[in-house]
Amino acid sequence: RRRGRRDRALVARSVGAPSEGWKGARRVRRGVTRPGAMTTEGTAAGRPVSGSEWARSAFSGGWDKRGDTRWLYAVFFLLTMAQSLPLTAIQVVLNRDLGLQERPEALNRFFAVEFSMSMLKPIYAAVSDLLPIARRRRVPYMMIGGVMYAVMLQAYASVRTIGQLYAAGVCSVIFYAICETGADGLLVQLSGEDPRRAMSLQATGMLVRSAGSFVATALSIPLLAAVPARACISAAGLFALAAGSAAAKVAEEPVERVERVEQVEQVVRDREFSGAGFGGLARFVPRVWSRSPAKAQRLGAAAAFLFAYRVMPTAMVTFTAFTYARFSMPDSYRAGLLLVSMGGGVAAAYAYRRMAAVDIPLSTTFVVGAFADAVLGLGRLIVLRADRRDDRDVGGGRPPMGALVAGDALTSLGQMTGYMPVLALAARCAPQGLEATGYSALLFVADLATGVGSLLAADLTRSMGLGAGDGRSWSRLDAYVWTCAGLKLAPLALLPLVRGGGV
């Protein structure tokens, strides 16, 4: 009997209850939450509220949805500003300072390596899900990522060699992803498992991000006209610091790391904890999969389809290298073109939000996205038709600004329309309790496919002899654009696989 009282007191202390014997443990049993569930210590009812209930309350008017998400959306906005402000400046450094405009395959390889760092997102997400800091799973990681991303932007601004470029690029992507993963995980928790809600929240999140990109790009135009490109990259760190500061104000409820009291009782019996950490995850996932084969099938089908959907090569990087090699224009003009592209992204995010409002099925949005990406991507041909110079003329040409504006607007609209269903599908399939891990795992598959697609684009560019100098030319760039557009439609043949997975 004495041993039983001692063990029950240990159970109560292990889950944070006062040591009042078995009565305290019984009170904990009624209030304990799963990993990933959220509690509301300050609610009027004074009782714990699960993450799904919190999500429903945010949409049913029980709580102020804007109050719950305004700082989270501020993090998205500021973090995207920090990423978008130096985009044109980075292109200037890569193409002019480092001389990569004559070797587009080197640009493709560099961006492939950068994309590969996004493949680590499931690791960041698992750390966020399973290892809270001060009982918070999202906010501390968002703050760390934002501050360190600002530091890495300063390193990016001072690169002089290819080795320094890879070091700064890789580290900046890693810390950006740490901050973004924490914010994404919190947003997915609000989505629950409702496809319409997932589409709506992801569309709103992307709309905020696109607005941040648009504002940052508009700001970069006068900034590039006033300061060098490297100073513009350095200035972007201020917005990364602001994102880390906004993350500190995000409303996140404390979580319990123990799944249930019975697990702690098992600790007392065999002294082996299995309810948290990566070891707990390794045992938790097989149990979930064995009990829910339909969810496992859905997740596997979604991963396979997303890989095929994103692995197709794109003409974006090679075409950008072409514009730098053929046309001479002030850096502020290039920032203006990027602003047009961001405007296309904002329009696409808003259109996808409207599609979610009228209950268009998620699978149908993939069809719309693939055709939009393929057809509107042919807008690059407008620029090729407007460029009437001989292929041997390199650099110094007067740019056809009207054609460039039209081409950028169309292609950016198509690219974002094609990408929005990826976010919605990842949010829809993320398992409860491991929202950040599941969401990031599917985006990991999409990023992996994008990296492979960049390598395929580099090989296709080299095989078609595209480039300047050393026997290269841009004469077959139109065929390259047509080829990439046609390949965008091929993954739609696998769409029944996703529908068969119950999505």
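Residues numbered from 1 in each chain as written. Predicted model: local features only at pLDDT ≥ 70, side-chain atom pairs only at ≥ 80, totals over all residues. Heavy atoms only, no water.

## Thoughts on the overall build of the chain
Move 1: Scanning the chain for helices and strands turns up 23 helices and zero strands.
Move 2: Split into buried and exposed, the 503 residues of the chain put 54% on the buried side.
Move 3: Counting only contacts in the chain whose residues sit at least 6 apart along the sequence, the fraction spanning at least 24 positions is 81%.
Move 4: Working note: accessible area of the chain is about 21,100 Å², and carbon and sulfur atoms make up 60% of it. (Helix = DSSP H or I, 4+ residues; strand = E, 2+ residues; numbered from the N terminus. Buried < 20%, exposed > 50% of the residue type's maximum accessible area, 1.4 Å probe, protein only. Contact = heavy atoms within 4.5 Å. Areas by Shrake-Rupley, 256 points an atom, 1.4 Å probe, with all protein chains shown as cover.)

## Examining the pattern of salt bridges
Move 1: The tally for this structure, following the rule as stated, stands at seven salt bridges.
Move 2: Residue Arg-138 pairs with Asp-129 through a salt bridge whose shortest N-O separation is 2.9 Å.
Move 3: Using a relative accessible area of 4% as the deciding quantity, one classes Asp-129 as buried.
Move 4: Put simply, Asp-373 and Lys-488 hold a salt bridge, and the shortest N to O gap is 3.8 Å. Of this pair, Asp-373 sits in helix H18 (residues 362–377) while Lys-488 is found in the loop between helix H22 (477–487) and helix H23 (495–500), placing the two residues 115 residues apart along the sequence.
Move 5: Exposure remark for Lys-488: the relative accessible area of 16% places this residue in the buried category. (Salt bridge = Lys/Arg side-chain N within 4 Å of Asp/Glu carboxyl O.)

## Comments concerning a nonpolar patch on the surface
Move 1: On the surface, a nonpolar cluster with roughly 340 Å² of combined accessible area is contributed by Val-147, Val-151, Leu-238 and Leu-241.
Move 2: The set of elements that each furnish at least two residues to the nonpolar patch consists of helix H8 (139–156) and helix H12 (237–247).
Move 3: By the secondary structure assignment, Val-151 is in helix H8. (Patch = residues over 30% accessible without salt bridge, like charges linked within 9 Å, V, L, I, M, F, W, Y side chains within 5 Å.)

## Re the packing of helix H10 (residues 195–226) against helix H20 (residues 401–429)
Move 1: Taken N-terminus to C-terminus, the directions of H10 and H20 make an angle of 130 degrees; their axes are 9 Å apart at the nearest point. Taken together, the axes of H10 and H20 are oblique relative to one another. You can see that H10 and H20 cross each other, and the crossing is right-handed. The residues of H20 that touch H10, namely those facing Pro-195, Ala-198, Met-199, Gln-202, Ala-203, Met-206 and Ser-210, are Met-416, Tyr-419, Met-420, Leu-423, Ala-424, Ala-427 and Arg-428.
Move 2: Residue composition of the contact of H10 with H20, grouped by class: eleven nonpolar, two polar and one charged. (Axes fitted to C-alpha atoms, helices over the stretch in contact; angles between N-to-C directions. Parallel < 35°, antiparallel > 145°, perpendicular 65-115°, else oblique. Left-handed = near helix turned anticlockwise from the far one by under 90°. Nonpolar A, V, L, I, M, F, W, Y, C, P; charged D, E, K, R; others polar.)

## Quick look at the environment of Arg-310
Move 1: Along the chain, Arg-310 falls in helix H15 (residues 293–310).
Move 2: When its relative accessible area of 22% is taken as the criterion, Arg-310 is described as partly exposed.
Move 3: The spatial distance from the C-alpha of Arg-310 to the C-alpha of Val-445 is 8.8 Å, given a sequence separation of 135 residues.
Move 4: With residues up to four places along the chain from it excluded, the contact list for Arg-310 reads Tyr-419, Val-422, Ala-446, Ala-449 and Thr-450.

## Looking at the environment of Ile-221
Move 1: Note that Ile-221 resides in helix H10.
Move 2: Residue classification places Ile-221 among the partly exposed positions, given a relative accessible area of 23%.
Move 3: Sequence separation of Ile-221 and Pro-330 is 109 residues, and the distance between their C-alpha atoms is 9.9 Å.

## A look at the environment of Leu-495
Move 1: Assignment of secondary structure puts Leu-495 in helix H23.
Move 2: Classification of Leu-495 by relative accessible area gives buried; the value is 4%.
Move 3: The spatial distance from the C-alpha of Leu-495 to the C-alpha of Tyr-309 is 9.4 Å, given a sequence separation of 186 residues.

## Focus: H22
Move 1: For H22, every residue scored as buried is listed here: Leu-477, Tyr-480, Val-481, Cys-484 and Ala-485. Viewed end-on, H22 has its buried residues packed into an arc of 130 degrees, placing them on one side of the element.
Move 2: Against the buried residues of H22 lie helix H16 (316–326), H18, helix H19 (380–386) and helix H21 (435–463). (Arc of directions from axis to C-beta.)

## Points about the confidence of the model for the chain
Move 1: Summary statistics for the chain give a mean pLDDT of 76 and a share of 74% for residues scoring 70 or more.
Move 2: Confidence over residues 9–67 falls short of pLDDT 50; this stretch has 99 contacts with residues more than four positions distant or in other chains.
Move 3: Low confidence marks residues 257–278, where pLDDT is under 50. Its contacts with residues over four positions away, or in another chain, come to 51 contacts. (pLDDT = per-residue confidence, 0-100.)

## Details of the packing of H8 against H12
A pair of packed helices can be characterised by two numbers: the angle between their axes and the separation between those axes.
Move 1: Closest axis-to-axis distance for the H8/H12 pair is 8 Å, and the angle between their directions is 170 degrees. By the angle between their directions, the pair H8 and H12 is classed as roughly antiparallel. Touching Val-139, Met-142, Met-143, Gly-146, Val-147, Tyr-149, Ala-150, Leu-153 and Gln-154 of H8 are Gly-237, Ala-240, Leu-241, Gly-244 and Ala-247, all from H12.
Move 2: Counted by class, the contact of H8 with H12 contains ten nonpolar, four polar and no charged residues.

## A few points about the side chain of Thr-323
Move 1: Inspection of the secondary structure puts Thr-323 in helix H16.
Move 2: Among the polar contacts made by the side chain of Thr-323, one reaches the main-chain carbonyl oxygen of Thr-320 at a distance of 2.6 Å.
Move 3: If near-sequence neighbours (up to four positions away) are discounted, Thr-323 is found in contact with Arg-334 and Leu-404. (Polar contact = N/O pair within 3.5 Å; in protein donor to acceptor, adjacent residues only side chain to side chain.)

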